Amino acid sequence: MTNLKKPLIAALAIALIGGTTTNAAGISSDSLHAQASPYRALSSISTFAGTGQFDDLNGAAATSSFRAPGSILALPDGTILISDSGNQSIKQLANGVTKDIAGVYVDKDRLGLPVGGLLDGQGDESFFNHPNGIAADDQGNIYVADTDNHAIRLIDKQGNVKTLAGNGVEGNDDGVGRAAKFHSPSDVAVAKDGTVYVADTLNNSIRAIAKDGTVSTLNAASTRKAKSSPDATVVVGDFQDGALKDAKFNEPSALALDSKGNLYVSDSGNQSIRYIDLTLGTVTTVAGIAASSSTGSLYDADPLYAQGGYADGAAAKAQFNHPTGIVATDEGGLVIADSLNHSIRYLYHGIVTTLAGDANQNSGSANGIEKNAQFNNPTDVALTADGRILVADLLNNEIRILRFAKLPVGLPANGKLSISLDGALVKVDTVLIQGTTLITTDNALKVLGITLPKVIQITKGKDKKNYVSLRAAAEQAGLDVEWDKAHNHILLRHQ
Amino acid sequence: MGMRSKIQMILAAGLLLGLVTSSTGYAAGKTATRELVITELAGTVHIKSAGGALLRNAFVGMKLRQGDSVQVDEKSFAQLTASDSHDVVSLGSDTSVVLSVLKNQGNGKLTKLQIVAGSVWSNVNKLSKNDSFKLVTANADLTVRGTKVLTNVDSETGETYTAVAAGIVSATPNSNNNSNENNPILIAPSQQLSLDSRDQVSDLETKVSIIDPNALVSGTSSEIIEAIVKDKASIDQENAEFIASQKDKIAKGADTALSRDGATSSLSTSDQDTLDKVSKNLDNLIGNVVKTAVDTNKVDKGKIEKTIEEVNQTSSKPLDLNKVTPLDKTAGVDPDLQKAKDAELKKLEDAKKAADAAKKTAESAAKQKLADALKKLEDEKARIAKEKEALGLNKPSTTTPTNTSTSNNSTPPAPANATEITGFTVANGTVVGATRISYAAGTNNSLRIVKQATAFTTPNVTFDARDTGVAYVSGNNIANVSAGDHIGLYEIVSSTGLVVKFVDITVSGNNIAVAPGALTPTTDYSLPEQGSGSGKAKFATLGQLPTGATKWQIIASVAPIATPIAGSSFGGTDYSAGVDIDMSGGKQFIALAATDASGNVVRFKLVEYTAPTETPSELVSLYFPKHYSGPVGGSQSDTAKLYVSLANLPTGATKYQILTSTSSIATPAVGATFGGTDYSSEQDIDISNGKQHIGLAATDASGKVVGFVLTYYTLPVAQDAFSLSNIGVGSQNQLTISFTSPLAESITSNTTLSKFLSSIVVTPAMGAPTSITLSSSSIGWDTLMGSPKLIITIPGTTLNPGDVVRVTFNSGVLGGITQTVCETTVGSGSGSGVPGGPGGSFPDPGLGGGVPHP
């Protein structure tokens, strides 16, 4: 456990941006962890943009509103791009202000929802149809998986929207540009060499668009059939590791390139995270139920999808519930928006942990510390240059931010016990009795703002002051208490 | 929709699944997942399975789970029923919902529906304590407990509208302004809440008023209005209970204010006159809704009248549209509060008007500016649509039994129509609402049926009907049939599915099994209560037997018992009020029937019985600081006291009890009678004669143990005239007592140990105290430097961290000093209970002593 340190491989981060960003900070190596669960990094979650109202309003981040923002990307210059799916637009959030950069609508459907379309042109005269995953290359071009247009769109530096591949009609054809067909693509990632990888969700495949616009399919098409209703049989996704050309996926929903230029795939329908080694041409399952189930039994519960669940721990035994957006970190980890567990998960060194989310995986909108904060169908994550995590909180219609707890500056050099409240060092008188840290009632009230509960054990000190157990007082007053043994530091946090 | 014939078919209740009734009960297992089953469907409904991208066709019998989303298209309808709690949610046309939470958590069934757009009617049964049923819109969180509530979301304007027909809904604004004004309020029956946006008002109460039928009907689809009417009986019943309970409170002079978890309702029923007005509104609510719906052509008059007729058959309060009086907007409303609301509303309305106008201007300006782009967009749309149609790629739609006679079959010669089935008979079903058809199909042939509200067109002989409707066995029940329904009976060749014969049967009311009249709680029977022991229940009182009935009969069962047919043999056991009913083996339903002398049903009611909470099987360890703290000294000498938290009593416990003893008290078994005395916080406890072991138990009302902890009260040190110096860990043979002031020489010259010392006791952090043998010890005085010290030499004694060493003097042996006791905690660096400098143990801010983390 160290204080936030300088990025180790910041140089690499610049080469790979997009749904692809690797990032400066090491989440596991740089953050403070809960004593009770050594894998849980301490953090707090707040609303970064959006009022939560299901609407379309630009302006100051706090008063803007979105309709189901599905995807998010943090650019190296600090600009944030948001795929505001329900508003059929791509928004930019820079200097605390949101604005549309592409995609407009004029009509609403019978449910009152904006109607999309397929039209290239200047940003404010272009149309999308439920845009989703976003990526950017190092030339300043932005790529968008335009899901219901079954197309991959490109917003160039001048703000012109073009169609890179696909033509509005679903299908599964390789070819050049508009001749190629996709089926509900939901994410893109751009490699250093300009290749655009596509999570072609309902074709259950990973596609690649070469620089010259030629679309190819990297893996084998699924041939598995299942009944989607008593009267309809459809081809559904499947599972197969091994050679990439033979590999199978089930509704892959998101992509992320790591620092080696290889692809992580959020294989939602298989409730797993897959890894494509593009050099070796192989696919492995790095986390989730598919890593430890026999292929035959994956679809026992539901013919369409593997069974979702929730379990932290060894990656092969870890469980997800429709993992979606992902982003790789510098330290070789992967942040995962675990949509239906309403949680943000982290895969690092073969261990899956929960960074934030409701203790019972219930949906909600509460802000607060990592174990109390709630999300409602978080579908994407992005990393800012300074190591914070942005979350596209789809059904809360908000962008949330997760800030990792840090040790305060100015810890006593001699290793003496120190205490901080919400990150700021506080000066209180403490004594230690039988392994219990006590503080004076006066300090509790005046420094920590704790109103003592009626029922609490008070101990008279030698100095004639009244002392109470710090943990008992703080917890009864609703504060979270964590102890960082390495620095002999007690963190008190408002929940 | 292309070539597919688009017949708007209403697949009424229970078509496909459930059409052929079997006696399957509701054996809901206790797993984490729960499900809502699609029990009715009409038009086009799509499902996206949790997290999946694939759009699936909905079908009756489809099981929906947490995370699934449901989209109901234009002129469509879906009814979802929870398979465990039997809560029913009806979704109207143009509705989109997400089943956010649908699971068991702890002992509770949790339901949370996020309404994105459209119209949702929820009929929620009374929930048990740990259950929760929530409806969430972008503007508000609505928490429902045993309630019939309508919620409409207009996603274009962002408005959330909710109207409560029965029960109480708690509403919390869904706002990020984490101000303390986001307090929940209660919406009472006959009230509505209409909220334009989440931050529109700081106090939701401003937007609460008596239901305006026009506002209700305008955002509600005809199918939902129909569903509301169908639930009239359960609405009436819940309201009758509400009115009766309020009436009772008025009569007793009790507080009539409606409140729940700190939230209150503005609906006042403080006196009988006001309550009568509210009651009248409740009686007229559905009538007003239907009338408005008919007047505004929202619903088909003939159709709704038919539904009303059916509902009236079993209703104790039949609905007569000619006798509806308008709702009284002042019933239960505080006029001052209303005045303030009206002023606030006027302001809001003006602001909204201005905002709407600005929005409209911006929209039309955008359209103007985008004129060229929009034209190109239309061309693109046309191209995509054409390409899709050529490829046969259209949205999947709900399969409706294909009718072959479409307009484009004129070119090829039309195949012959199937011949008409004759010689069939139609009779009453054996379950309520069911009918039966008897007809023998030819060899190698089989039967299929489809039920719909409108007439069929005869299929032709080339039609493969294997996917049409459901298979039917002659004489089986066809459930949920209404008079006037059409049943298409297909005789098909089993191997090819081709239709051989067909008939369109219009079901008459005479051929549908009817339910007996319902028994009414309080009038006909008192709610079941516990009988003479656990596993036994009883109806304490039963009312007058209805006309035609001569006795009562009951059947107790684990699963709900279906309503029998009026006049059918009930098959229960005879019953009279007050007699025990065996509810063992998890039985929780009692079917009560008033029958004639031969046991045939005259009137009926299925009553649910919830047994009183059983004591938990595992002993709860009470712990500081959740359940108690202390003990500390009491108000008198020889007393101590505990602080106990009633709020944190473990589940199943209703009070605390204590026992004191001079020695350790054994941990009692859960459910055992504790035999202590009832204890309330800070009461003095007699600890005289060394009764310092205090056992604290949380018990149920009859004193049976639920939780327990053993505490020990250490006698306080009266004053610091002397103190025992720090003692280290390990083997020790010397104790030093320092006095704060000089002592008379007559004292310090005496080294007779037995004169001074009464006892030396070591109390370990865990375990029973031990005494150090005084006869093997000796004392000496050190008066060389300042105040005197008493040096006690003891036999080698091993001391552990946390041990408390206490030295007690005989009284009156130290001159004027009344203090007789001093003590120190080993290893803490503290003496006489006073904390000292940093000790040896690690500084976890924990509570120490193995107290579990809350």
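Computed from a prediction, not measured in an experiment: that's the story for all the values here. (Residues numbered from 1 in each chain as written. Chains lettered and ligands numbered in written order. Predicted model: local features only at pLDDT ≥ 70, side-chain atom pairs only at ≥ 80, totals over all residues. Heavy atoms only, no water.)

**Remarks on the packing of helix 2 (residues 222-230) of chain B against helix 4 (residues 272-295) of chain B**
Residue and element names in this part refer to chain B.
So, step 1. Across the interface, helix 2 lies against helix 4 with an axial gap of 10 Å and an inter-helix angle of 150 degrees. Viewed along their axes, helix 2 and helix 4 adopt a mutual orientation that is roughly antiparallel. The element helix 2 and its partner helix 4 pack so that their crossing is left-handed. For the pair formed by helix 2 and helix 4, the contact residues are Ile225, Ile228 and Val229 on the first element and Ile286, Val289, Val290 and Ala293 on the second. (Axes fitted to C-alpha atoms, helices over the stretch in contact; angles between N-to-C directions. Helix = DSSP H or I, 4+ residues; strand = E, 2+ residues; numbered from the N terminus. Parallel < 35°, antiparallel > 145°, perpendicular 65-115°, else oblique. Left-handed = near helix turned anticlockwise from the far one by under 90°. Contact = heavy atoms within 4.5 Å.)

**Overview of the sheet that holds strand 39 (residues 685-686) of chain B**
Within a sheet, each strand pairs with its neighbour through backbone hydrogen bonds, oriented either parallel or antiparallel.
So, step 1. Taken together, the 3 strands give an open sheet; going across it, the order is 35-36-39 (chain B), and neighbouring strands pair in antiparallel fashion. For this open sheet the edge positions go to strand 35 (628-633) and strand 39 of chain B, each flanked by a neighbour on one side alone. (Pairing = 2+ DSSP bridges.)

**Description of helix 6 (residues 335-369) of chain B**
It helps to recall that an α-helix has 3.6 residues per turn; residues three or four apart then point in one direction.
So, step 1. The end-to-end C-alpha separation of helix 6 of chain B is 50 Å, in line with the 51 Å expected for 35 residues at 1.5 Å each.
So, step 2. Where helix 6 of chain B begins, one side-chain oxygen reaches toward the backbone nitrogen of Asp336 of chain B, 3.0 Å away; that side chain belongs to Asp334 of chain B. (Expected span 1.5 Å × (residues − 1). Polar contact = N/O pair within 3.5 Å; in protein donor to acceptor, adjacent residues only side chain to side chain.)

**A few points about unusual backbone geometry**
Residues and elements named next belong to chain B.
So, step 1. Even without a glycine there, the phi angle at Asn480 is positive, about 50 degrees.
So, step 2. Topologically, Asn480 is positioned in the loop between strand 23 (477-478) and strand 24 (486-493).
So, step 3. Owing to a relative accessible area of 39%, Asn480 belongs among the partly exposed residues under this scheme.
So, step 4. Positive phi is not limited to glycine here, since Glu682 has a value of about 70 degrees.
So, step 5. Of note, Glu682 is situated in the loop between strand 38 (677-679) and strand 39. (Buried < 20%, exposed > 50% of the residue type's maximum accessible area, 1.4 Å probe, protein only.)

**Focus on the nonpolar core**
So, step 1. In terms of nonpolar packing, the biggest core is built from 40 residues, with Ile38, Leu64, Val70, Leu91, Leu99 and Leu135 of chain B touching the most fellow members.
So, step 2. A per-element tally of this core places strand 11 (residues 140-154) of chain B first, with 5 residues.
So, step 3. When near neighbours in sequence (up to four residues on either side) are disregarded, Leu64 of chain B contacts Arg34, Glu35, Leu36, Ile38, Ile47, Val70, Leu80, Leu99 and Leu102 of chain B.
So, step 4. With 38 residues, the next largest nonpolar core counts Val426 of chain A together with Tyr679, Ile685 and Ile694 of chain B among its residues. (Core = buried A, V, L, I, M, F, W, Y, C linked by side-chain atoms within 4.5 Å.)

**Overview of the pattern of salt bridges**
So, step 1. The final tally for this structure, using the stated rule, is 51 salt bridges over all chains.
So, step 2. A salt bridge links Arg65 of chain B to Glu35 of chain B; the nearest nitrogen and oxygen atoms lie 3.1 Å apart. Of the two residues, Arg65 of chain B is situated in the loop between strand 4 (63-64) and strand 5 (69-72) and Glu35 of chain B in the segment before strand 1 (36-42); the sequence distance between them amounts to 30 residues.
So, step 3. Looking at Glu35 of chain B, the relative accessible area reads 19%, which means it is buried.
So, step 4. Across the salt bridge formed by Lys232 of chain B and Asp236 of chain B, the nearest N and O atoms sit 2.7 Å from each other. Remark: Asp236 of chain B and Lys232 of chain B occur in helix 3 (residues 232-252); sequence separation between them is 4 residues, near one turn of the helix.
So, step 5. A relative accessible area of 10% means that Asp236 of chain B is categorised as buried.
So, step 6. Among the ionic contacts, a cluster of salt bridges with common partners joins Asp120, Asp146, Arg153 and Arg178 of chain A together with Glu380, Arg383 and Glu387 of chain B. (Salt bridge = Lys/Arg side-chain N within 4 Å of Asp/Glu carboxyl O.)

**Overview of the side chain of His627 of chain B**
All names here are of chain B.
So, step 1. Among the structural elements, His627 can be located in the loop between strand 34 (620-621) and strand 35.
So, step 2. Residue His627 is classed as buried on the basis of its relative accessible area of 3%.
So, step 3. The residues contacting His627, other than those within four sequence positions of it, are Ser621, Leu622, Tyr643, Val644, Ser645, Asn648, Pro650 and Tyr656.

**Concerning the environment of Asn397 of chain A**
All names here are of chain A.
So, step 1. Structurally, Asn397 can be placed in the loop between strand 31 (389-393) and strand 32 (398-404).
So, step 2. Sequence spacing of Asn397 and Gly52 is 345 residues, and the spatial spacing of their C-alpha atoms is 4.9 Å.
So, step 3. Look past the residues within four positions of Asn397 in its chain and what remains in contact with it is Gly50, Gly52, Gln53, Phe54, Phe66, Arg67, Ala68 and Pro69.

**A few points about the packing of helix 2 of chain B against helix 5 (residues 301-314) of chain B**
Residues and elements named next belong to chain B.
So, step 1. At a closest axis distance of 9 Å, the pairing of helix 2 and helix 5 adopts a crossing angle of 15 degrees. One element, helix 2, and the other, helix 5, form an angle in the roughly parallel class. When the axes of helix 2 and helix 5 are compared, the crossing they make is right-handed. On helix 5, the residues touching Ile225, Glu226, Val229 and Lys230 of helix 2 are Lys303, Ile304, Thr307, Ile308 and Val311.
So, step 2. Here the residues of the contact of helix 2 with helix 5 sort into 5 nonpolar, 1 polar and 3 charged. (Nonpolar A, V, L, I, M, F, W, Y, C, P; charged D, E, K, R; others polar.)

**Re the UniProt feature "repeat: NHL" (unreviewed entry) in chain A**
So, step 1. As annotated in UniProt, the feature "repeat: NHL" (unreviewed entry) corresponds to residues 128-158 of chain A in the numbering used here.
So, step 2. The span residues 128-158 of chain A carries 0% helix and 52% strand; its end-to-end C-alpha distance comes to 18 Å. (UniProt positions renumbered as here; feature names shortened; annotations may be inferred.)

**A word on helix 7 (residues 371-391) of chain B**
Residue and element names in this part refer to chain B.
So, step 1. For helix 7, spanning 21 residues, the distance from its first C-alpha to its last is 30 Å, which sits close to the expected 30 Å at 1.5 Å a residue.
So, step 2. Those residues of helix 7 that sit buried are Ala373, Leu374, Leu377, Glu380, Ile384 and Lys388. The buried residues of helix 7 occupy one face: seen down the axis, they fall within an arc of 115 degrees. Exposed residues lying more than 90 degrees from the buried face of helix 7 are Asp372, Lys375, Lys376, Lys386, Glu389 and Ala390.
So, step 3. The secondary structure elements touched by the buried residues of helix 7 are helix 6.
So, step 4. Backbone geometry just after helix 7 places Gly392 at a positive phi near 70 degrees. (Arc of directions from axis to C-beta.)

**Observations concerning the confidence of the model for chain A**
In low-pLDDT segments, the atomic positions of the prediction should not be examined closely.
So, step 1. Averaged over all residues, the pLDDT of chain A is 86; the fraction at 70 or higher stands at 91%.
So, step 2. Confidence drops under a pLDDT of 50 for residues 1-25 of chain A, and excluding neighbours within four residues, the segment shows 70 contacts in the predicted structure. (pLDDT = per-residue confidence, 0-100.)

**Topic: the packing of aromatic side chains**
So, step 1. All told, the structure shown has 13 aromatic pairs over all chains when counted by the stated rule.
So, step 2. Each member of the aromatic cluster is reached from another via a ring pair, and the members are Phe722, Phe739, Phe756, Trp781 and Phe809 of chain B.
So, step 3. Taking NZ or CZ as reference, Arg67 of chain A lies 5.5 Å from the ring centre of Phe54 of chain A, over its face.
So, step 4. Directly above the aromatic system of Phe128 of chain A lies the positively charged group of Arg153 of chain A, at a separation of 4.6 Å from the ring centroid. (Phe/Tyr/Trp six-rings, centres within 6.5 Å; stacked < 30°, edge-to-face > 60°. Lys NZ or Arg CZ within 6 Å of the ring centre and 35° of its normal.)

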